[in-house]
Amino acid sequence: MSANRPAAVVVLAAGEGTRMKSKTPKVLHEIAGRSLVGHVVAAARELEPEHLVVVVGHAREQVRGHLEEHYAGIRTAVQEEQNGTGHAVRMALDELGRTPEGTVVVVCGDTPLLSGETLRALADTHAADGNAVTVLSAEVPDSTGYGRIVRDGSGAVTEIVEHKDATDAQRAIREINSGVFAFDGQLLADALGKVRTDNSQGEEYLTDVLSILREAGHRVGASVAADHREILGINNRVQLAEARALLNRRLIERAMLAGVTVVDPASVFVDVTVTFEPDAVILPGTQLLGATHIGEDAEVGPNTRLKDTRVGRGARVDNTVADSAVIGDSASVGPFAYLRPGTNLGARSKAGTYVEMKNATVGEGTKVPHLSYVGDATIGEYTNIGAASVFVNYDGEAKHHTTIGSHCRTGSDNMFVAPITIGDGAYTAAGSVITKDVPAGSLAVARGQQRNIEGWVARKRPGSAAAQAAQAAAGESAGES
């Protein structure tokens, strides 16, 4: 545990975010598999704070419900009216019920690129410099519109000047305020009581605390973020997409540096919860979502979407959609397969072209090569399921299970009407509708006898192309005889 463990981290997530133009609260919009506030919470948790408080306001029940579902142990404070950032932090301290002894870090709930490493550097700088407050700043290529960090000769921050109020010399400063701070908890609580509302918005500004503490003789410092893009806040859909692209690139670079081949990083999208083993290969047009894991030497893609799916070592997954599936070592899936929840493919098994599976367990070495639906089924080892097979699992009210044993060979165009069991080593004939159990080692034939009606086309379709072709064939046959 870090020696600079904060007493509390406060996440400001009460705003409405009207520029998103959405019924979804801004902080609940998602990128890379997490909400905006979820990314901030994950970064804050890396500091291991004694308390983590999220201030909610707009759509509070929705935001609170999201936090309770995904982030256990987080406290929420309610800001009934959005009366400024200073007021929001006061609500958080009120929720704690006492003045924190130690560092209080305040972050914005719409900064999904902010990393735990950067927050750790902020806390460490705050402690090392003995500051009353430390601003997380960044040096940006274009500081237009941002509050400038003004320092004195010792490097201490003298003020934060908004762009509209800055002199020409101050506007040339490229170091800007991020809106993220580390405070001495005791001094913060005292200064919040002195913040005034005599401004154009009639709100309590957290930034006023800096001038209050400095005027009281306390030191105000800054910690510069290594990457200025981390402090980017999200206010509209354009910025949301830009942040998604930046985060996606960060995640893919991390995977590649860990030994994963990503053939075309620009066309691959991954969530923060996706994991890889070395020497996995990801081909273009692939999306890896949720708790997906890609094993060593596996090849995934192109044009594949996997969610909460585990891909075993050496497996091949091509042009496939899978959700909550398990793909075994050296298994082959696709092209154009659909694996629905509950699918579990054994090692060296195959779910081939235009195969759909749901709630199905497929044994080692078993193949379902083409044009089939396998639902609510268990298939043993080294069995082959013929093309165009359908596991008829639904009777209109309930689902039923089909069991097919090991080393079976089922014919093409079979219907297995559940509940039914096919024994080990059994065969079924092509075109059969299997409605009864098939004993081990048996051949099941369930189809009508073929009957040929001679001359039917000539009588029923006289003059048609088929009739003419048949007549010509009959003439050729007679000539040959």
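Residues numbered from 1 in each chain as written. Predicted model: local features only at pLDDT ≥ 70, side-chain atom pairs only at ≥ 80, totals over all residues. Heavy atoms only, no water.

**Some points on the overall build of the protein**
Where we set the bar: Strands here mean DSSP runs of E at least two residues long; helices mean DSSP runs of H or I at least four residues long; both are numbered from the N terminus. Throughout, the radius of gyration refers to the C-alpha atoms, and the reference size of a globule is 2.2 Å times the residue count to the power 0.38. Using a 1.4 Å probe on the protein chains alone, a residue whose accessible area is under 20% of its type maximum counts as buried, one over 50% counts as exposed, and one in between counts as partly exposed. Every residue pair with non-hydrogen atoms within 4.5 Å of one another is taken to be in contact. Shrake-Rupley sampling with a 1.4 Å probe provides the accessible areas, and residues are treated as covered by the protein chains on show and by no other component.
Tallying secondary structure elements over the protein gives 10 helices and 39 strands in all. A compact globule built from 481 residues would reach a C-alpha radius of gyration of about 23 Å, whereas the protein, at 33 Å, exceeds it by more than 25%. Taking the principal axes of its C-alpha atoms as reference, the protein extends roughly 115 × 45 × 40 Å. Taking all 481 residues of the protein together, 46% fall into the buried category. Contacts spanning at least 24 positions in sequence make up 40% of the contacts within the protein whose residues lie at least 6 apart. Of the roughly 22700 Å² that the protein leaves accessible, carbon and sulfur atoms contribute 48%.

**A closer look at helix α8 (residues 237-257)**
To keep it simple, the criterion reads: Expected helix span is given by 1.5 Å per residue-to-residue step, counting one fewer step than there are residues. Here the arc refers to the directions that run from the helix axis out to each C-beta atom. Two N or O atoms form a polar contact when they lie within 3.5 Å of each other; inside protein one atom must be a possible hydrogen donor and the other a possible acceptor, and for residues adjacent in sequence the pair counts only when both atoms belong to side chains.
Its 21 residues place the ends of α8 30 Å apart at the C-alpha level, agreeing with the 30 Å of an ideal helix rising 1.5 Å per residue. Listed as buried for α8 are L240, A243, L247, N248, L251, I252 and A255. Projected down its long axis, α8 shows its buried positions confined to an angular sector of 165°, all on one face. Exposed side chains of α8 directed beyond 90 degrees from the buried face belong to V238 and L257. Summarising the contacts, the buried residues of α8 are in contact with β2 (30-31), α1 (36-45), β12 (261-262), β13 (269-270) and β14 (275-276). The backbone nitrogen of V238 lies 3.1 Å from a side-chain oxygen of the residue at the head of α8, namely N236.

**Regarding the side chain of T366**
Inspection of the secondary structure puts T366 in the loop between β28 (356-362) and β29 (367-370). Non-local contacts of T366, meaning those with residues more than four positions away in its chain, are made with R348, S349, K350, I379, G380, E381, Y382 and T383.

**Describing the pairing of strand β30 (residues 373-379)**
Cut-off, in case you're wondering: Being paired, for any two strands, means DSSP has found at least two bridges between them.
Counting buried residues along β30, six of its seven residues qualify, which places the element largely inside the surrounding structure. Direction of pairing for β30 relative to strand β33 (residues 402-404): parallel, over a ladder of three bridges. The residue of β33 that forms the bridge with T378 is T403.

**Structural notes on the packing of helix α3 (residues 85-96) against helix α6 (residues 185-192)**
The condition that has to hold: Simply put, an axis is a line fit to the C-alpha atoms, just over the touching stretch for a helix, and the angle between two N-to-C directions goes from 0 to 180 degrees. Angles below 35 degrees are treated as roughly parallel, those above 145 as roughly antiparallel, those between 65 and 115 as roughly perpendicular, and all remaining angles as oblique. For any helix crossing, the convention is left-handed if the near helix is rotated counterclockwise from the far helix by under a right angle, and right-handed if that rotation is clockwise.
Across the interface, α3 lies against α6 with an axial gap of 10 Å and an inter-helix angle of 125°. Classified by the angle their axes make, α3 and α6 are oblique. The crossing of α3 and α6 is left-handed. Contacts between α3 and α6 involve G86, V89, R90 and L93 on the former and, on the latter, L188, A189 and L192.

**Details of the environment of H407**
For H407, the location among the structural elements is in the loop between β33 and β34 (409-410). Residue classification places H407 among the partly exposed positions, given a relative accessible area of 47%.

What is shown is where atoms sit, not what they do.
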